[in-house]
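Chain and residue survey
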Amino acid sequence: MELRHLRYFVAVADAGSLTVAAARNLHTSQPSLSRQIRDLEGEVGAQLLTRRARGIELTPAGRAFLDHARAVLSQVEAAAEGARRAAHPAKPCFSMGFLTGHELTWMPEALRILRDELPNVDVMISSQYSPLLADGLAKGKIDAAFLRREKGTPGLAFRLLVKEPLMVILPRNHRLAALKAISPRDLAGEAFVIVSNTAPVLRLVIDNFLKRSGADIKPAHEADHITMGMSLIASTGGVGLLPAYAQNFLPPSVTSRPLTGDTPTVDLVFGYRKSNQSPILKLLLSRLDELVARASKKTR
């Protein structure tokens with residue numbers, strides 16, 4: 001008895017017809033299939049099916065044999081799949097998220113560490129607003145993320161990567177662009193472009209700085225992301241405050257200047273779920289100092 005006998009018998013039983021099974025399922029001739037079924041019945045020592053005018057009907061022996069035949073074929077497929085997995089094991093997958101705009105600095109260095117140590121890891125990358133990254137971490141959709149220290153996330157842990165100083169972003173032909181550094185009072189009366197609550201941590205840092213400055217600075221426009229902020233600044237002739245990494249994305253018509261005095265900063269952190277036991281995550285955590293050192297060289 002061979003496996004093909006079992007496959008033929010199951011195909012005939014499912015189709016209810018030797019002719020249909022031969023033509024549609026097995027792509028063989030009906031006489032050849034009939035011979036295979038007779039050989040199987042001879043091997044079993046019992047009639048398995050009865051030929052009728054409108055097809056076939058399983059005998060009691062055939063119904064009993066069908067269940068076992070299905071089980072055998074299922075076990076054979078399981079054995080083959082197990083062998084394939086052993087020969088070609090699935091790669092472990094690790095998902096990393098980046099606050100939009102920070103991929104340029106941090107992603108190449110993080111990937112280099114992972115590929116050096118774990119070359120067979122599949123790394124999935126996503127780029128989003130910080131609150132969405134925190135939500136992805138909390139729900140287990142993301143393993144690690146480069147984001148802000150979002151509030152209301154008790155299940156997450158954060159490791160400080162860098163404190164990013166805020167810079168004044170303004171049109172290249174703006175009168176304040178002639179200064180080497182700009183004070184808060186210089187910004188008074190200017191059309192001020194502020195980040196929206198899509199970046200709540202950064203927005204709070206900017207709001208607190210404006211209050212402390214004592215200067216009369218009132219936001220005129222809100223920007224949801226860096227590109228929108230640059231566009232508003234260029235088109236309205238206004239000014240804004242953004243973290244230093246935004247300098248990597250300045251269009252030709254826009255420039256940046258440092259603030260005078262005690263410059264406000266916003267934290268960029270490495271976030272992860274406290275309950276995540278991934279060995280890949282543990283590797284990254286053990287190499288964070290190296291990661292920061294590599295990234296800092298690129299920003300000097």
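Residues numbered from 1 in each chain as written. Predicted model: local features only at pLDDT ≥ 70, side-chain atom pairs only at ≥ 80, totals over all residues. Heavy atoms only, no water.

Moving on: the side chain of Ser-196. Along the polypeptide, Ser-196 turns up in the loop between strand 7 (192-195) and helix 7 (200-213). Once residues lying within four places of it in the same chain are set aside, the contact partners of Ser-196 are Arg-203, Glu-222, Ala-223 and Asp-224. (Helix = DSSP H or I, 4+ residues; strand = E, 2+ residues; numbered from the N terminus. Contact = heavy atoms within 4.5 Å.)

In this section: the pattern of salt bridges. Inspection of every chain in the model, using the stated rule, returns 12 salt bridges. Where Asp-267 meets Arg-149, a salt bridge forms, and the shortest distance between an N and an O atom there is 3.6 Å. Of this pair, Asp-267 sits in strand 11 (residues 265-273) while Arg-149 sits in the loop between strand 5 (144-147) and strand 6 (156-171), and the two are 118 residues apart along the sequence. Note that Arg-294 is salt-bridged to Glu-290, the shortest N-O span being 2.9 Å. Within this pair, Arg-294 and its partner Glu-290 are both found in helix 10 (residues 288-299), separated by 4 residues, close to a single helical turn. Among the residues examined, Arg-294 registers a relative accessible area of 24% and is labelled partly exposed. Residues joined in a network through salt bridges with shared partners are Glu-117, Arg-287, Glu-290 and Arg-294. (Salt bridge = Lys/Arg side-chain N within 4 Å of Asp/Glu carboxyl O. Buried < 20%, exposed > 50% of the residue type's maximum accessible area, 1.4 Å probe, protein only.)

Attention now goes to the packing of helix 1 (residues 3-15) against helix 3 (residues 30-44). If you want to describe how two helices pack, look at the angle between their axes and the distance between the axes. Look at helix 1 against helix 3: their axes get within 10 Å of each other, and the N-to-C directions meet at 115°. In terms of their interaxial angle, helix 1 and helix 3 are classed as roughly perpendicular. In the packing of helix 1 onto helix 3, the handedness of the crossing is left-handed. Where helix 1 abuts helix 3, its residues Arg-4, His-5, Tyr-8, Phe-9 and Val-12 lie against Leu-33, Gln-36, Ile-37, Asp-39 and Leu-40. Residues of the contact of helix 1 with helix 3, tallied by class, amount to 6 nonpolar, 2 polar and 2 charged. (Axes fitted to C-alpha atoms, helices over the stretch in contact; angles between N-to-C directions. Parallel < 35°, antiparallel > 145°, perpendicular 65-115°, else oblique. Left-handed = near helix turned anticlockwise from the far one by under 90°. Nonpolar A, V, L, I, M, F, W, Y, C, P; charged D, E, K, R; others polar.)

On to the packing of aromatic side chains. If you walk through the whole model with that rule in mind, you get 6 aromatic pairs. Centroid distance Tyr-245 to Phe-249: 6.5 Å. Interplanar angle 80°. Geometry classified as edge-to-face. Overall, Tyr-245 belongs to the buried group, its relative accessible area being 13%. Through successive ring pairs, a cluster of aromatic residues spans Phe-98, Trp-106, Phe-146, Phe-270 and Tyr-272. (Phe/Tyr/Trp six-rings, centres within 6.5 Å; stacked < 30°, edge-to-face > 60°.)

A word on helix 6 (residues 130-138). Looking at helix 6, one finds that the buried residues are Ser-130, Leu-133, Ala-134, Gly-136 and Leu-137. In an axial view of helix 6, the angular spread of the buried residues amounts to 160°, which keeps them on one side of the axis. Those residues of helix 6 that are buried are in contact with strand 3 (93-99), strand 4 (122-128), strand 5, strand 6 and strand 11. Backbone geometry just downstream of helix 6 places Gly-140 in the positive-phi region, at approximately 80°. (Arc of directions from axis to C-beta.)

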